[in-house]
Amino acid sequence: MKLRELAARLGCELRGDGEVEIRGVAGLEQAGPGDLTFLANPKYAAHLATTRAAAVVVAPGHGAALPRLVAANPYLTFARAVGILCPPPRPAAGIDPQAHVDATAVVGEGAHVGAFAVVGPRARVGARTVLRPHVVLYEDVTVGEDCLLHSGVQVRERCRLGDRVVVQNGAVIGADGFGFARDAEGQYHKFPQVGTVVIEDDVEIGALTAIDRAALGETRVGRGTKLDNLVQIGHSVTIGRDSVLAGQVGIAGSTKLGERVTLAGQVGVAGHLTIGDGVIATAQTGIPSSVEPGKIVSGYPAIENRAWLKSSAVFARLPELQRRVRELEARVAEALGARAGR
Amino acid sequence: MKLRELAARLGCELRGDGEVEIRGVAGLEQAGPGDLTFLANPKYAAHLATTRAAAVVVAPGHGAALPRLVAANPYLTFARAVGILCPPPRPAAGIDPQAHVDATAVVGEGAHVGAFAVVGPRARVGARTVLRPHVVLYEDVTVGEDCLLHSGVQVRERCRLGDRVVVQNGAVIGADGFGFARDAEGQYHKFPQVGTVVIEDDVEIGALTAIDRAALGETRVGRGTKLDNLVQIGHSVTIGRDSVLAGQVGIAGSTKLGERVTLAGQVGVAGHLTIGDGVIATAQTGIPSSVEPGKIVSGYPAIENRAWLKSSAVFARLPELQRRVRELEARVAEALGARAGR
Amino acid sequence: MKLRELAARLGCELRGDGEVEIRGVAGLEQAGPGDLTFLANPKYAAHLATTRAAAVVVAPGHGAALPRLVAANPYLTFARAVGILCPPPRPAAGIDPQAHVDATAVVGEGAHVGAFAVVGPRARVGARTVLRPHVVLYEDVTVGEDCLLHSGVQVRERCRLGDRVVVQNGAVIGADGFGFARDAEGQYHKFPQVGTVVIEDDVEIGALTAIDRAALGETRVGRGTKLDNLVQIGHSVTIGRDSVLAGQVGIAGSTKLGERVTLAGQVGVAGHLTIGDGVIATAQTGIPSSVEPGKIVSGYPAIENRAWLKSSAVFARLPELQRRVRELEARVAEALGARAGR
């Protein structure tokens, strides 16, 4: 594609030769002839002089010898360019003869159902949605339009996915929550998990992530929220819009996360809490109690990030601090005499 | 179902109008007309006055204006009521024509084998057991009676499951343990994992949980134990009866857990340890050495929970403690003169 | 098999009666008549006197009353013996009639493709490679020779596996990395993940482990490296040769691990870091910044292991340390009079 055409499709300002042919995409240092690249972080600006790329997406005010597209948010614009230049593989519409689609199920126009996929009784698959091989939809599942479910995804009875939802391989939506009632002898009895899961529009769910159905009512993931791989979402959890949960995060049952919450990798959140809008938790943080909107928290038990950074710095010097206390005790005992017991 | 009939089936005392029709179940605050609800935690008792539920399960001594079932353990009784009122979907007995059942396999009376399920050579499926679509049983697997294996569950060669075992979607039972022998050049060579896994009766295994087979001998999960999602059980681990492991817990190889052990979310336990009966570990605890029966432990490395709570409180004030030591040093140095070196 | 024959196949020195028949393998304490066992850790040497095994693999210089094989590395030699005595089940060559192999795919000589496996357009499966039931290879995947992929493994478009790669059940190779560009309104837009994953020769990948494809370029796991279960490898990560990552480890995007790196269970590594050759991180360590070759690190944020052990010991006594500081303040205040403010 010519750079001029790409600029037009992205709605970007073009600087330099628009006739250059763009054949691929790559990072600044890896790019070769024919590649489009981008500069989002100014600290890599020096690479602009040496990149072999054919063109670059830059923010306004960045000069460059090579042809460039000027965009307020170069990373976002480059992401869109990648989608145009390298469209993901898309199977043709239709139901594979080796799929198992129940007679009472409804598959929308232009949808694709891959080999060995199962679409259960009364399940509904929206228009243009793609189910890759080995997707399983239990009875009464609803999947919206323009969704993409990768191979090995399991969706349990009655769960509902909105439009444009993307689910990576092996994710499980709607398995039973972890609910048991203990009897007087200490044995556990299953609390039947009769609720469901609702995934709103534009959510993406990572590989091998588990979102449990509610015991009663529903578990809900809000519009535009993105979950990474191997994330655990307990029963009756609610996650607000535009939140981001990184890999291996775990949220225990009935906790409510607000909008625009960011949880870094391996964070754990206890059950029955409220995590306010815009909260950020750094990696491996363990959150045992509710967090006010806008806070940045770290450590276990989680405290404010700045306090945690300071305490962590002292932690690394604790043996020295202990020694100083011991020396003070000795000096004070010596100075003040026999009363200095301990 | 009339409340009177439900009371009879639960063996509960009925107070109030037994003719009220029960059509669903819900929490105290979410319940609407026709719903049965429950009060287990006295701190929610005030909601009894405002709930719109048709009836409630309560402990003896709790008054309520609405019809009620009186039970010593309201949560357990409500759980049983949910099972009666909202029975889980159960596929009809029989083998789906698209399943793959080896000629040498045995499928018990009343069992169901779903589409694209694989029952390998010499595998045995007990009476009334349900294999949802896409369950895979390798050769020589034994699954007991009245089990429920959800879609995507994989059970490897020779593993044995008892009766009434429930396995959520995507769990893997009997994958090779992580065992390698290192040679003089630092390269790792596989130690063939020729042992197996035994899952005793009434165990429940969460979605995407992995229970590795033993290198030699067996990995064993004791009767009535419940494992949540994304749990990792290493090779040759033994877990006693009636234990509970929450989401994302990991147990390294050859460790023995006693009975009634409770591990909260994201706990890790090192290999070759003994964790005594009744031990509780709070969330994210890391256990590097064996723990005596009955202990409650926290932190990493794990210490007794009370000590950890106190140390954690001081941790959050470490910068202040450090400042106080610095001030003391200055005051002592000033008072005691030039000898005050450090 | 006679011990004499086994010694010959292993190239080991035989001491004692070579005519003894070996029928199985077991640990020192579990072994019965007919079993081969081994002694690798000298602290178990006393069991040599009481084991019921038929023969034992020992290091040079270890006497034993029973027949023995002498090997410099008894554990490695025993591992090889297990492979000879208990060869893993191996399905016959051929494509199961219920498999789905695209007309444009190539399946090598002696390979096995199990029931309901999917081999996508232009995918290539090397000679003697085994795909167990329910393996899914997307379009343009390449799997080398003598590989073993267990049921439920998913390999996404264009990913490449070398020779002798073993992948345990349910692992996902090449799912989209977690990359999103945020717009001015705080909404996230997918950065299409158009890179790939390369798994070099002799790698083993654990059950339910996820290795994400790169956004651009490739994610790479080096020759001979072993990944345990439920591990998360972010996009564009590079792992060197002969490294070992234990269960539930997570590596964020674009980080580079050197050769012979060892990460214990539940370790987390932040993105865009360099972890040097031979680094060891103990369980649950959180690594927020790059680590020099050869270091042993612990804690979060990770510090040198020795320093962490000392600080952790003081942590457990922090309340006592705080009390001592308080007493010092009181004594100094009393001795120095009214100036002792705070």
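Summarised in this report is the structure supplied together with it. Position numbers for residues start from 1 in each chain and track the written sequence from start to end. Here chains are named by letter from A upward and ligands by number from 1 upward, in the order in which they appear as written. Note on the predicted model: pLDDT of at least 70 is required for a residue's local features to be given, and 80 or more for side-chain atom pairs to be given and counted; whole-chain, interface and lining totals, by contrast, use all residues. Processing note: side-chain calculations cover all non-hydrogen atoms of the structure and skip hydrogens and water entirely.

**Re the interface of chain C and chain B**
For clarity, the cut-off: Residues are treated as being in contact if the distance between any of their heavy atoms lies within 4.5 Å. By buried area we mean how much accessible surface two parts lose on assembly, using a 1.4 Å probe and totalling the loss over both. We count a salt bridge whenever a side-chain nitrogen from Lys or Arg sits within 4 Å of a carboxyl oxygen from Asp or Glu. Counting from the N terminus, the helices are DSSP H or I runs at least four residues long and the strands are E runs at least two residues long. Side-chain classes are defined by residue name, with Ala, Val, Leu, Ile, Met, Phe, Trp, Tyr, Cys and Pro counting as nonpolar, Asp, Glu, Lys and Arg as charged, and the others, Gly among them, as polar.
Contacts between the two partners involve 64 residues from chain C, matched on the other side by 69 residues from chain B. For the pair chain C and chain B, the summed buried area comes to about 5200 Å², and 62% of that belongs to carbon and sulfur atoms. In this structure, the connection of chain C to chain B is made through three salt bridges. Its salt-bridge partner being Glu-204 of chain C, residue Lys-190 of chain B comes within 2.8 Å of it at the nearest N-O pair. Elements with a minimum of two residues in the side of chain C that touches chain B: α2 (74-85), β26 (226-227), β29 (244-245), α3 (305-315) and α4 (318-336) of chain C. Here the residues of the side of chain C that touches chain B sort into 32 nonpolar, 19 polar and 13 charged.

**Observations regarding the relation of the copies chain C and chain B**
As a reminder of what qualifies: To superpose the copies, least squares is applied to the C-alpha atoms of every residue with a pLDDT of at least 70 in both.
Superposition record for chain C on chain B: RMSD 0.0 Å, screw rotation 120 degrees, translation along axis 0.0 Å. Expressed as an axis order, the relation between the two copies is that of a three-fold axis.

**Quick word on the state of the cysteines**
Here is the rule: Cysteine sulfur atoms that pair up within 2.5 Å are treated as a disulfide.
The final tally for this structure, using the stated rule, is zero disulfides over all chains. Between Cys-147 of chain A, a free cysteine, and Cys-159 of chain A, which holds the nearest cysteine sulfur, the sulfur-to-sulfur gap is 14 Å.

**Digging into the interface of chain A and chain C**
Of the residues lining the interface, 63 residues belong to chain A; the matching set on chain C comes to 69 residues. Buried surface at the junction of chain A and chain C, both sides included, amounts to about 5200 Å², of which 62% is carbon and sulfur. Summed over the shared surface of chain A and chain C, the number is three salt bridges. Across the pair Glu-139 of chain C and Arg-132 of chain A runs a salt bridge, and its minimum N-O distance is 2.8 Å. Mapped by element, the contributors of at least two residues to the side of chain A that touches chain C are α2 (74-85), β26 (226-227), β29 (244-245), α3 (305-315) and α4 (318-336) of chain A. Sorting elements by how many residues they give to the side of chain A that touches chain C places α4 of chain A first, with 11 residues. When the residues that make up the side of chain A that touches chain C are grouped by side-chain class, the tally is 32 nonpolar, 18 polar and 13 charged.

**Re α4 of chain C**
Counting along an α-helix, one turn takes 3.6 residues, and residues three or four places apart therefore face a common direction. What counts, and what does not: Every helix has an expected span of 1.5 Å times one less than the residues it contains. Burial classes follow relative accessibility: with a 1.4 Å probe on protein chains only, a residue under 20% of its type's maximum area counts as buried, one over 50% as exposed, and anything between as partly exposed.
The end-to-end C-alpha distance of α4 of chain C, which contains 19 residues, comes to 27 Å, matching closely the 27 Å that a straight helix rising 1.5 Å per residue would cover. Those residues of α4 of chain C lying buried are Leu-318, Leu-321, Gln-322, Arg-324, Val-325, Leu-328, Glu-329, Arg-331 and Val-332 of chain C. On the buried face of α4 of chain C, the contacting elements are α4 of chain A, α3 (305-315) and α4 (318-336) of chain B together with α3 of chain C.

**Things to note about empty space enclosed by the protein**
The rolling of a water-molecule-sized probe over the atoms marks out the regions of remaining empty space. What counts, and what does not: Using protein atoms alone on a 1 Å grid, points that fit a 1.4 Å probe yet trap it form a cavity, whereas open point sets bounded by protein on both sides within 12 Å along at least five of seven lines form a pocket; residues with an atom within 4 Å of a point count as lining. Grid points are joined across faces, edges and corners, and a volume is the space filled by probe spheres set on the points.
Tallied over the entire structure, the rule returns four cavities of 30 Å³ or more. If you add up the space inside the largest cavity, you get close to 190 Å³. As for the largest cavity, its lining consists of 18 residues, of which Gln-154 of chain A, Gly-152 and Gln-154 of chain B together with Gly-152 and Gln-154 of chain C are closest to the centre. Looking at the lining of the largest cavity residue by residue, the class counts come to six nonpolar, 12 polar and no charged.

**Quick notes on the sheet that holds strand β4 (residues 55-58) of chain B**
Residue and element names in this part refer to chain B. Here is the rule: What makes two strands pair is DSSP finding at least two bridges between them. For helices, the fitted axis covers only the stretch in contact; all axes are lines through C-alpha atoms, and the angles between them, taken along N-to-C directions, range from 0 to 180 degrees.
Sheet architecture is open: five strands sit in the order β1-β5-β4-β3-β2, paired in mixed fashion. What marks the edges here is a single partner per strand, and that holds for β1 (13-15) and β2 (24-25). The pairing of β1 with strand β5 (residues 68-70) spans three bridges and is antiparallel. Within β5, the residue paired with Arg-15 across the bridge is Arg-68. Strands in contact with helix α1 (residues 3-10) are β1, β3 (35-38), β4 and β5; relative to β5, the strand with the most contacts, it is inclined by about 10 degrees. Helix-sheet contacts for helix α2 (residues 74-85) involve β2, β3 and β4, and the interaxial angle to β3 is about 155 degrees.

**A word on the pairing of strand β22 (residues 196-199) of chain B**
All names here are of chain B. Along β22, one buried face is formed by Thr-196 and Val-198 and the opposite face, lined by Val-197 and Ile-199, is buried too. Here two bridges tie strand β17 (residues 160-161) to β22, and the two strands are oriented parallel to one another. When the sheet's bridge partners are listed, Arg-160 is paired in β22 with Val-198.

**Here we look at the pattern of salt bridges**
In total, this model carries 63 salt bridges over all chains according to the counting rule given. Note that Glu-157 of chain A and Arg-156 of chain A form a salt bridge whose closest N and O atoms lie 2.9 Å from each other. Classification of Glu-157 of chain A as buried rests on a relative accessible area of 6%. A relative accessible area of 1% means that Arg-156 of chain A is categorised as buried. Salt-bridge contacts for Glu-19 of chain C lead to Arg-4 of chain C; the nearest nitrogen and oxygen are separated by 2.9 Å. Of this pair, Glu-19 of chain C sits in the loop between β1 (13-15) and β2 (24-25) while Arg-4 of chain C sits in helix α1 (residues 3-10), and the two are 15 residues apart along the sequence. You can call Arg-4 of chain C partly exposed: its relative accessible area is 46%. Because the salt bridges share partners, they merge into one network encompassing Arg-156, Glu-157, Asp-176, Lys-190 and Arg-213 of chain A together with Glu-204 of chain B.

**A few points about the side chain of Asp-242 of chain C**
What counts, and what does not: A positive count includes Lys and Arg, and a negative count includes Asp and Glu. His and the chain ends are not counted in either.
Inspection of the secondary structure assignment puts Asp-242 of chain C in the loop between β28 (238-239) and β29. For the buried Asp-242 of chain C, no salt bridge is present, and the opposite-charge side chain at shortest range is Arg-223 of chain C, 4.1 Å distant. Setting aside residues up to four positions removed in sequence, Asp-242 of chain C forms contacts with Gly-186, Gln-187 and Tyr-188 of chain B together with Arg-223, Gly-224, Thr-225 and Arg-260 of chain C.

**Comments concerning the packing of α4 of chain A against α4 of chain B**
Quick note on the threshold: Handedness of a helix crossing follows the sense of rotation of the near helix relative to the far helix, less than a right angle counterclockwise being left-handed and clockwise being right-handed.
It is at 10 Å that the axes of α4 of chain A and α4 of chain B come closest, and there the two elements cross at 30 degrees. Judged by the twist between their axes, the crossing of α4 of chain A over α4 of chain B is left-handed. Packed against α4 of chain A, whose contacting residues are Leu-318, Leu-321, Arg-324, Val-325, Leu-328, Arg-331, Val-332 and Ala-335 of chain A, the element α4 of chain B presents Leu-318, Leu-321, Gln-322, Val-325, Arg-326, Leu-328, Glu-329, Val-332, Ala-333 and Leu-336 of chain B at the interface. Classifying every residue of the contact of α4 of chain A with α4 of chain B gives 13 nonpolar, one polar and four charged.

**Overview of the packing of aromatic side chains**
Counted only if it meets this: Centres within 6.5 Å make a pair out of two Phe, Tyr or Trp rings, where for Trp the six-membered ring is used; the pair is then stacked when the planes are under 30 degrees apart, edge-to-face when over 60, and tilted otherwise.
Taken as a whole and judged by the stated rule, the model has 24 aromatic pairs over all chains. Residues Phe-178 of chain B and Phe-180 of chain B carry aromatic rings whose centres are separated by 5.2 Å and whose planes lie at 80 degrees to one another, so their mutual orientation is edge-to-face. Taking the relative accessible area as the measure of exposure, Phe-178 of chain B reaches 21% and is therefore partly exposed. A ring pair is formed by Phe-38 of chain C and Phe-78 of chain C, whose centres lie 4.5 Å apart and whose planes are at 20 degrees; its orientation type is stacked. In this pair, Phe-38 of chain C is assigned in strand β3 (residues 35-38) and Phe-78 of chain C in helix α2, connecting sequence segments 40 residues apart.

**Describing the sheet that holds strand β36 (residues 286-287) of chain B**
Residues and elements named next belong to chain B. Pairing is parallel in the open sheet, where 10 strands are placed in the order β7-β10-β13-β16-β19-β24-β27-β30-β33-β36. On the outer flanks of this sheet lie β7 (100-101) and β36, each paired with one strand and no other. Looking at chain direction, strand β10 (residues 118-119) and strand β13 (residues 136-137) are connected through two bridges and run parallel. Residue Val-118 lies in a different strand from β13, and its bridge partner there is Val-136.

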